[in-house]
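Secondary and tertiary structure notes
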Amino acid sequence: QVRLVASGGGWVQAGGSLRLSCAASGRYISTYTVAWFRQAPSKEREFVAADTYSGSTTCNANSANGRFTISRDSAKNTVYLQMNSLKLEDTAVYYCAAQLYGGDPPSVTEGDYNYWGQGTRVTVSS
(Lines give C-alpha, C1' and ligand atoms only; values in the text may rest on other atoms or scores of the structure.)
Protein backbone atom coordinates (compact mmCIF):
# COMPACT_ATOMS: atom_id res chain seq x y z
CA GLN A 1 0.00 0.00 0.00
CA VAL A 2 1.03 3.60 -0.45
CA ARG A 3 1.88 5.54 2.70
CA LEU A 4 1.68 9.32 2.87
CA VAL A 5 3.40 11.72 5.24
CA ALA A 6 2.38 15.37 5.24
CA SER A 7 4.82 17.98 6.46
CA GLY A 8 5.71 21.64 6.13
CA GLY A 9 3.03 23.17 8.29
CA GLY A 10 3.69 25.72 10.95
CA TRP A 11 3.05 29.28 11.93
CA VAL A 12 2.96 32.09 9.38
CA GLN A 13 1.69 35.63 9.46
CA ALA A 14 -1.14 36.69 7.21
CA GLY A 15 0.10 37.44 3.72
CA GLY A 16 2.98 35.00 4.01
CA SER A 17 3.65 31.71 2.25
CA LEU A 18 4.17 28.07 3.09
CA ARG A 19 4.91 25.00 1.03
CA LEU A 20 3.43 21.74 2.25
CA SER A 21 4.89 18.40 1.21
CA CYS A 22 3.25 15.01 0.86
CA ALA A 23 5.93 12.34 0.71
CA ALA A 24 4.82 8.92 -0.47
CA SER A 25 6.40 5.56 0.13
CA GLY A 26 5.52 1.97 -0.64
CA ARG A 27 4.31 2.84 -4.14
CA TYR A 28 5.25 5.33 -6.83
CA ILE A 29 2.73 8.15 -7.06
CA SER A 30 3.11 8.33 -10.81
CA THR A 31 -0.02 6.18 -11.01
CA TYR A 32 -2.02 7.98 -8.31
CA THR A 33 -4.19 11.04 -8.09
CA VAL A 34 -3.06 13.03 -5.05
CA ALA A 35 -5.19 15.64 -3.32
CA TRP A 36 -5.05 18.06 -0.42
CA PHE A 37 -7.90 18.52 2.01
CA ARG A 38 -8.07 20.69 5.10
CA GLN A 39 -10.09 20.81 8.27
CA ALA A 40 -10.40 23.96 10.34
CA PRO A 41 -11.60 23.93 13.95
CA SER A 42 -15.34 23.26 14.12
CA LYS A 43 -15.50 22.86 10.34
CA GLU A 44 -16.04 19.97 7.95
CA ARG A 45 -13.13 18.60 6.01
CA GLU A 46 -12.80 20.61 2.81
CA PHE A 47 -11.24 19.87 -0.56
CA VAL A 48 -8.34 22.15 -1.47
CA ALA A 49 -6.61 20.89 -4.62
CA ALA A 50 -5.76 17.74 -6.56
CA ASP A 51 -3.33 16.55 -9.20
CA THR A 52 -4.03 13.50 -11.36
CA TYR A 53 -1.49 10.96 -12.49
CA SER A 54 -1.88 12.38 -16.00
CA GLY A 55 -1.13 15.94 -14.91
CA SER A 56 -4.55 17.55 -14.66
CA THR A 57 -5.08 19.79 -11.65
CA THR A 58 -8.02 21.42 -9.98
CA CYS A 59 -8.51 23.64 -6.97
CA ASN A 60 -11.35 24.75 -4.76
CA ALA A 61 -11.98 28.36 -5.73
CA ASN A 62 -13.84 29.04 -2.51
CA SER A 63 -10.88 28.07 -0.33
CA ALA A 64 -7.80 28.55 -2.50
CA ASN A 65 -9.06 31.35 -4.76
CA GLY A 66 -6.01 31.18 -6.99
CA ARG A 67 -3.55 31.49 -4.12
CA PHE A 68 -2.59 27.80 -3.92
CA THR A 69 -0.75 25.65 -6.45
CA ILE A 70 -0.42 21.88 -6.40
CA SER A 71 2.48 20.16 -8.10
CA ARG A 72 4.40 16.92 -8.00
CA ASP A 73 7.99 15.81 -8.26
CA SER A 74 7.83 12.20 -9.38
CA ALA A 75 11.56 11.71 -8.90
CA LYS A 76 11.13 12.55 -5.22
CA ASN A 77 7.77 10.75 -5.00
CA THR A 78 6.36 13.91 -3.44
CA VAL A 79 3.42 16.22 -4.05
CA TYR A 80 3.53 19.84 -2.92
CA LEU A 81 1.00 22.50 -2.06
CA GLN A 82 2.38 26.00 -2.45
CA MET A 83 0.28 28.42 -0.43
CA ASN A 84 0.69 32.15 -0.99
CA SER A 85 -1.06 35.21 0.40
CA LEU A 86 -2.23 33.23 3.39
CA LYS A 87 -5.26 34.43 5.30
CA LEU A 88 -6.49 33.82 8.82
CA GLU A 89 -9.21 31.57 7.41
CA ASP A 90 -6.55 29.24 5.99
CA THR A 91 -5.75 28.05 9.50
CA ALA A 92 -6.44 24.31 9.50
CA VAL A 93 -4.95 20.86 9.59
CA TYR A 94 -3.99 19.98 6.02
CA TYR A 95 -4.20 16.37 4.86
CA CYS A 96 -2.86 14.75 1.72
CA ALA A 97 -4.73 11.84 0.20
CA ALA A 98 -4.37 9.54 -2.78
CA GLN A 99 -6.30 7.18 -5.01
CA LEU A 100 -4.95 4.80 -7.60
CA TYR A 101 -5.36 6.41 -11.02
CA GLY A 102 -8.67 8.27 -10.56
CA GLY A 103 -10.61 10.38 -13.00
CA ASP A 104 -9.98 13.48 -15.05
CA PRO A 105 -10.82 16.00 -13.71
CA PRO A 106 -9.83 14.67 -10.29
CA SER A 107 -12.40 13.95 -7.63
CA VAL A 108 -13.19 16.55 -4.97
CA THR A 109 -14.94 13.97 -2.79
CA GLU A 110 -13.21 12.82 0.39
CA GLY A 111 -14.63 9.31 0.14
CA ASP A 112 -13.04 8.70 -3.24
CA TYR A 113 -9.55 8.79 -1.76
CA ASN A 114 -8.32 5.55 -0.26
CA TYR A 115 -5.04 6.60 1.36
CA TRP A 116 -4.46 9.43 3.81
CA GLY A 117 -1.57 11.08 5.52
CA GLN A 118 -1.62 12.17 9.14
CA GLY A 119 -2.07 15.87 8.47
CA THR A 120 0.08 18.91 9.14
CA ARG A 121 -1.13 21.96 11.01
CA VAL A 122 -1.06 25.44 9.50
CA THR A 123 -1.66 28.44 11.73
CA VAL A 124 -2.03 31.88 10.17
CA SER A 125 -1.82 34.85 12.50
CA SER A 126 -2.29 38.56 11.98
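Worth saying up front: this structure is predicted, and the values here are computed from it rather than measured. (Residues numbered from 1 in each chain as written. Predicted model: local features only at pLDDT ≥ 70, side-chain atom pairs only at ≥ 80, totals over all residues. Heavy atoms only, no water.)

**Notes on the overall build of the protein**
The number of helices and strands found in the protein is zero helices and eleven strands. Relative to the globule expectation of 14 Å for 126 residues, the C-alpha radius of gyration of the protein, 13 Å, shows essentially globular dimensions. For the protein, the C-alpha atoms occupy an extent of roughly 40 × 25 × 25 Å along the three principal directions. For the protein, the share of sequence-separated contacts (at least 6 apart) that also reach a separation of at least 24 residues comes to 59%. Carbon and sulfur atoms form 45% of the exposed surface of the protein, whose accessible area is close to 6,300 Å². The positive charge centre, built from 11 side chains, and the negative charge centre, built from 9, are 7 Å apart in the protein. (Helix = DSSP H or I, 4+ residues; strand = E, 2+ residues; numbered from the N terminus. Rg over C-alpha atoms; globule rule 2.2 N^0.38 Å. Contact = heavy atoms within 4.5 Å. Areas by Shrake-Rupley, 256 points an atom, 1.4 Å probe, with all protein chains shown as cover. Lys, Arg positive; Asp, Glu negative; His and termini not counted. Charge placed at Lys NZ, Arg CZ, Asp CG, Glu CD.)

**Side note on unusual backbone geometry**
A cis amide bond links Asp104 to the next residue, Pro105, at an omega of 5°. Mapped onto the elements of the fold, Pro105 is located in the loop between β9 (92-100) and β10 (115-116). The phi dihedral of Asn77 falls on the positive side, at around 55°, and the residue is not glycine. Within the secondary structure, Asn77 is located in the loop between β7 (68-73) and β8 (78-83). Taking relative accessible area as the criterion, Asn77 reaches 9% and is therefore assigned buried. Notably, Tyr101 is not glycine yet its phi reads approximately 60°, a positive angle. Positionally, Tyr101 belongs in the loop between β9 and β10. (Buried < 20%, exposed > 50% of the residue type's maximum accessible area, 1.4 Å probe, protein only.)

**Here's the deal with the nonpolar core**
In terms of nonpolar packing, the biggest core is built from 26 residues, with Trp36, Leu81, Met83 and Tyr94 touching the most fellow members. At the level of secondary structure, the elements contributing two or more residues to this core comprise β1 (3-7), β3 (18-25), β4 (32-39), β5 (46-51), β7, β8, β9 and β11 (120-125). The next biggest cluster of nonpolar side chains, apart from the first, holds six residues, and it includes Ala35, Phe37, Phe47 and Ala97. (Core = buried A, V, L, I, M, F, W, Y, C linked by side-chain atoms within 4.5 Å.)

**Examining the state of the cysteines**
Within the structure shown, the criterion is met by one disulfide. Two residues, Cys22 and Cys96, share a disulfide whose sulfurs are 2.3 Å apart. Disulfide Cys22 to Cys96: torsion about the S-S bond roughly 70°, handedness right-handed. With a gap of 74 residues between them, Cys22 in strand β3 and Cys96 in strand β9 connect regions that are remote in the sequence. The buried category is assigned to Cys96, whose relative accessible area is 0%. Free cysteine Cys59: the closest other cysteine sulfur is in Cys22, separated by 18 Å. Take Cys59: its relative accessible area is 36%, and that puts it in the partly exposed class. (Disulfide = S-S within 2.5 Å.)

**Re the pairing of β11**
Along β11, the buried face is formed by Thr120, Val122 and Val124; none of Arg121, Thr123 and Ser125, which line the opposite face, is buried. Direction of pairing for strand β2 (residues 10-13) relative to β11: parallel, over a ladder of four bridges. Pairing of Trp11 across the sheet is with Thr123, part of β11. (Pairing = 2+ DSSP bridges.)

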